[in-house]
Amino acid sequence: MTDEDRPRGAAPEDAIPDEVPEDAVPEGAVPDETPDIYGAYPRLTDEQIAYLSGHGSRRSVVPGEVLIHDGGPPPDFFVVLSGSVAITAHRGTPDEELLRVHGPGRFLGELSLLQGQVAFYTAHAQEAGEVLALPVDRLRALLARDPCLGNLVLRAYLGRRAQLVGGGVGFRILGSRYSPDTRRLREFAARNRLPHRWIDLEADQEAEALLRRVSVRPEDTPIIIWREHHVLRNPGNAELAQLIGLSPPMAPHSHCDLLVVGSGPAGIAAAVYGSSDGLTTTVVDTVAPGGQAGTTSLIENYFGFPAGIPGAELAERGMLQARKFGTQVRIPAEATSLEPGHGHYRVTFADGSETLCRIVVLATGAHYRRLDVPGMERLERTSVYYAATVYEARQCGAAPVAVVGGGNSAGQASLFLAEWVPRVHLLVRGSDLGARMSRYLVDQIERHPRVSVMLDSELREVRGEDALRTIVVAHRRTGERRTLDACALFVFIGAKPCTDWLTGVLALDDRGFVLTGDEAEARAAHSVREGPGRGCLSLETTLPGVFAAGDVRSGSVKRVASAAGEGAMAIHHVHDRLARTAAVPTHPSGATQSSGAPHPSGAAPAPSGRSAAPGGDPHISTSPARPHHPRGRSI
């Protein structure tokens, strides 16, 4: 990333130091070592190295010896004890580039090490020396035991991933800016913070030569180029995810205690608390962690982060925490149906796979509604966005943009985009900017010289052929129309719940949000809720053992903090439900109860506290009833 690419006020993790000042070499560093300006390359203390040495092995390395292979899983956590190690992108290709150099006391790796992804670079010994190697599983246990060391490594890895994403490292996406599949692949990579670089088929001079080199015709794009020789032609998101190890491929038939559908703040919180309480937990999402929060450039009113935190980073931290407790993550995985069985639920996915589980937490959230104005359908694939992150901002260039909406998301997007473009037109349908927007955002917007607020305004038309050029805005009271220049349109109007796949399965309100608690109980079939202890818990749906949390739930507060709180509270209710069903000795038909459904087998729990699945299915584990707070909760 160059200074021109970096926005004013960008997070320091996005900055990549280019060279080392001659007088800035700290004690113990090698002369060409990359400086640790932003905490991404800390040096371990002697005490920390001694602590790690008791759990790893030392070995000598020779110049040129490869420790981490580009495209392969990082084998170990390495600490440089002597000599130096170079980090190189595209090693052995015409695009080879030296990224970093680490000397004694530095450790190698980035988020891929903790997330199970492949490495996006090569690490090789630059000179003879010695390294300390620890298996990744052992490292995870040590970091959990030593919060100080864990925070040091996590902060460094988050910063390194941000630098890789901003530096054009990783796989390449070659395709046309007018192709919806190119946009799909780019958005999937950006939402999952995967290091990559886009090569514009129309604008980049290297595109034609690269296509010849990999023997691909322009009409066969978009393509993914990975490690020079590996080419995917217009792959699906799942194929790209499998290539870089985003998550292991889903087995045709899997099982777990708790399935969390959706990985926004509510889903991540549910996964963290569920897995930390000992439930075998799987979280799935169609696109990426974070939900709408993950597409927010900076969340400033989330407690504990006085300087604010990017939504994507908050989601990334939460997912790392969930993985630490054993949560299995499946992305992408689009749930298509939910069916109750005998003591379990069966959730099927778009790829034909299915998961059996005892409890389901629905945290699928909502997405912004589309605008129905002339010209929108034609420009939707190139110039209309429903998120405002670095990915979207980079598409705008040096031209004005328009933001439609009067809530916090629209306000946050306007302020963020104003750091990239010369003018942001904020179109608000109401007459008061503060009616649905937090005061701190209103104050910042009113002071910002590059944000123009247009109250009582509606978008009436978008104009342009292949890309947006101008918009037509009308004043709601006077009818006066104005034509404004805009290269992109950002839409944040209302929310439509992601519940199409639940129609006819659960009770929904008139807007499609999931009913819970008393409202759900009033709509539930008597046969489902009959018997003692069958009352509907406050986050429970019309199906016992199926809970809804966050934006997808009818009546929820659409804030990040409340969504995370509901995700945590859902797990509290999970234990309540398990305790209630365990306390009911028989079903009216005479069958033993478990997990809120008939237990035909009548099997008693094993001494370990688990038993075979209802109906004799050995794949579904059954946890005993737990108290409401099974263990101290901390995150």
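Scroll up a little and you will see the structure.
Summary of the structure given here. These numbers were taken from a predicted model, which means no experiment stands behind them. Throughout, a residue's number is its position along its own chain's written sequence, starting from 1. Only residues with pLDDT of at least 70 get local features here, since the model is predicted, and only at 80 or more are side-chain atom pairs given and counted; chain-wide, interface and lining totals rely on the full set of residues. In computing side-chain properties, one takes all heavy atoms of the structure into account and sets aside hydrogens as well as water.

On to the pairing of strand β23 (residues 457-463). Successive residues of a regular strand alternate their side chains across the two faces of the sheet. Two strands make a pair as long as DSSP finds a minimum of two bridges between them. Under the DSSP-based scheme used, a helix requires at least four consecutive residues in state H or I and a strand at least two consecutive residues in state E, with every element numbered from the N terminus. Two elements, β23 and strand β24 (residues 470-475), share six bridges in a ladder whose sense is antiparallel. Looking at β24, one finds that Glu458 is bridged to Ala474. The turn linking β23 back onto β24 is made up of six residues, and Gly464 within it adopts a positive phi angle of 145 degrees.

This part covers the side chain of Arg553. Secondary-structure assignment places Arg553 in the loop between β28 (546-548) and α16 (560-583). Only protein chains enter the accessibility calculation, which uses a 1.4 Å probe; a residue is then buried when its area is under 20% of its type maximum, exposed when over 50%, and partly exposed in between. Judged by relative accessible area, which is 13%, Arg553 ranks as buried. For the purposes of these results, a polar contact is taken to be a pair of N or O atoms within 3.5 Å, where, inside protein, one atom must be able to donate a hydrogen and its partner to accept one; residues adjacent in sequence count only when each atom of the pair is a side-chain atom. One polar contact links Arg553 to Thr516, side chain to side chain, over a distance of 3.3 Å. Not counting the four nearest positions on each side in its chain, Arg553 is found in contact with Phe513, Val514, Thr516, Leu539, Ala548, Lys558 and Glu566. Note on contacts: a residue pair is in contact if any heavy atoms of the two residues lie within 4.5 Å.

What follows concerns the nonpolar core. For our purposes a nonpolar core is just a set of buried Ala, Val, Leu, Ile, Met, Phe, Trp, Tyr and Cys residues, chained together by side-chain atoms within 4.5 Å. Formed by 58 residues in total, the largest nonpolar core has its most connected members in Leu67, Ile68, Leu108, Tyr121, Phe171, Ile224 and Ile244. One finds Ala410, Trp420, Leu427 and Ala486 within the second-largest nonpolar core, a separate group that totals 47 residues.

Our next topic: the sheet that holds strand β9 (residues 196-200). Reading across from one edge, β9-β8-β10-β11 is the order of the four strands in this open sheet, with mixed pairing throughout. Both outer strands of the open sheet, β9 and β11 (230-233), are each paired with one neighbouring strand and no more. Geometrically, the sheet is characterised by an average inter-axis angle of 20 degrees between neighbouring strands, direction not taken into account. When strand β8 (residues 171-175) meets strand β10 (residues 223-226), the two strands line up antiparallel, connected through three bridges. By the bridge assignment, Ile173 is partnered in β10 with Ile224. In this analysis, axes come from line fits to C-alpha atoms, helices being fitted only over the stretch in contact, and the angle between any two N-to-C directions falls in the range 0 to 180 degrees.

If you trace the backbone, Thr88 turns up in strand β4 (residues 85-89). Residue Thr88 is classed as buried on the basis of its relative accessible area of 3%. Each C-alpha atom, one on Thr88 and one on Phe120, is 9.3 Å from the other, the two residues being 32 residues apart in sequence. Leaving out residues up to four positions away in the same chain, Thr88 has contacts with Glu96, Glu97, Leu98, Leu99, Tyr121, Thr122 and His124.

The three strands lie next to each other as β23-β24-β25, forming an open sheet whose pairing is antiparallel. Edge positions in the sheet fall to β23 and β25 (481-485), since each has one partner strand and no second. Put simply, the sheet's adjacent strands are angled 30 degrees from each other on average, direction ignored.

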